[in-house]
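Descriptive structure summary
Spelled out from the first residue to the last, the chains are:
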Amino acid sequence: MASLSERDKRAVKLGGIGMVMIIAYVVVGPWFSNWQVTRQSLARERAKFEGIVSSGNVSAKQAALISRVPVFEMPQGEEPQRTAFRDAFNTQLKKAGVKIKSLKSLPVKRTAIAGGYKKLMLQCRGQCGFSQVLNLLADLNSNPYFVGVEDIEMKVDSRNRNSMEVTLTVSTFVK
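Residues numbered from 1 in each chain as written. Predicted model: local features only at pLDDT ≥ 70, side-chain atom pairs only at ≥ 80, totals over all residues. Heavy atoms only, no water.

This part covers the side chain of Lys119. Within the secondary structure layout, Lys119 lies in strand 3 (residues 118–128). A relative accessible area of 19% means that Lys119 is categorised as buried. (Helix = DSSP H or I, 4+ residues; strand = E, 2+ residues; numbered from the N terminus. Buried < 20%, exposed > 50% of the residue type's maximum accessible area, 1.4 Å probe, protein only.)

This is the structure in structure tokens:
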């Protein structure tokens with residue numbers, strides 16, 4: 001093997017640098033253009049999101065989703081919460097067509113799973129039809145104070161099969 005002259009060494013170095021640049025262009029070029037497309041797409045999606053959040057415009061799909069989420073008010077003190085919950089529940093009972101015999105507040109109970117809140121329960125006794133009970137149960141999620149149905153008892157009237165005696169216990173949280 002003969003030794004290379006300075007001119008040949010320089011030519012080999014420049015050739016090696018050229019080969020590295022060609023390989024980098026072939027490998028990195030498509031990756032770089034794909035990265036630019038991804039950045040542009042991300043910018044469009046962020047702009048769309050900001051438009052939705054800032055303008056308050058909601059698509060039909062989002063409006064349907066929002067309507068399924070129950071409305072909830074944060075618990076207040078015992079008396080204000082009892083009054084607000086009783087009024088809202090009484091309105092729902094009347095709207096469903098339940099003939100109310102009694103609506104009473106049960107003693108407040110401390111619960112371990114409620115995050116430090118106590119549970120206030122209302123018990124309603126009334127007369128109605130089966131479809132009215134179903135309408136009432138379906139409408140309970142629109143009550144902003146409603147937490148859950150604790151107990152429901154339905155007894156069909158032996159004389160009138162379309163009528164039933166209902167005892168419903170619902171609950172809310174109080175501070």
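All buried positions along helix 4 (residues 130–139) are accounted for by Val133, Leu136 and Asp139. Down the axis of helix 4, the buried side of the element spans an arc of 135°, and every buried residue falls inside it. Taken together, the buried residues of helix 4 touch helix 3 (78–96), strand 3, strand 4 (148–156) and strand 5 (164–174). (Arc of directions from axis to C-beta. Contact = heavy atoms within 4.5 Å.)

Turning our eyes to something else, we now look at the pairing of strand 5. Counting buried positions along strand 5 yields ten of eleven residues, so the element is predominantly enclosed. Relative to strand 5, strand 3 is paired through eleven bridges, and the arrangement is antiparallel. Bridge pairing links Leu120 to Thr172 in strand 5. Pairing of strand 4 with strand 5, which is carried by eight bridges, proceeds in the antiparallel orientation. Along strand 5, the bridge assignment pairs Val149 with Val170. (Pairing = 2+ DSSP bridges.)

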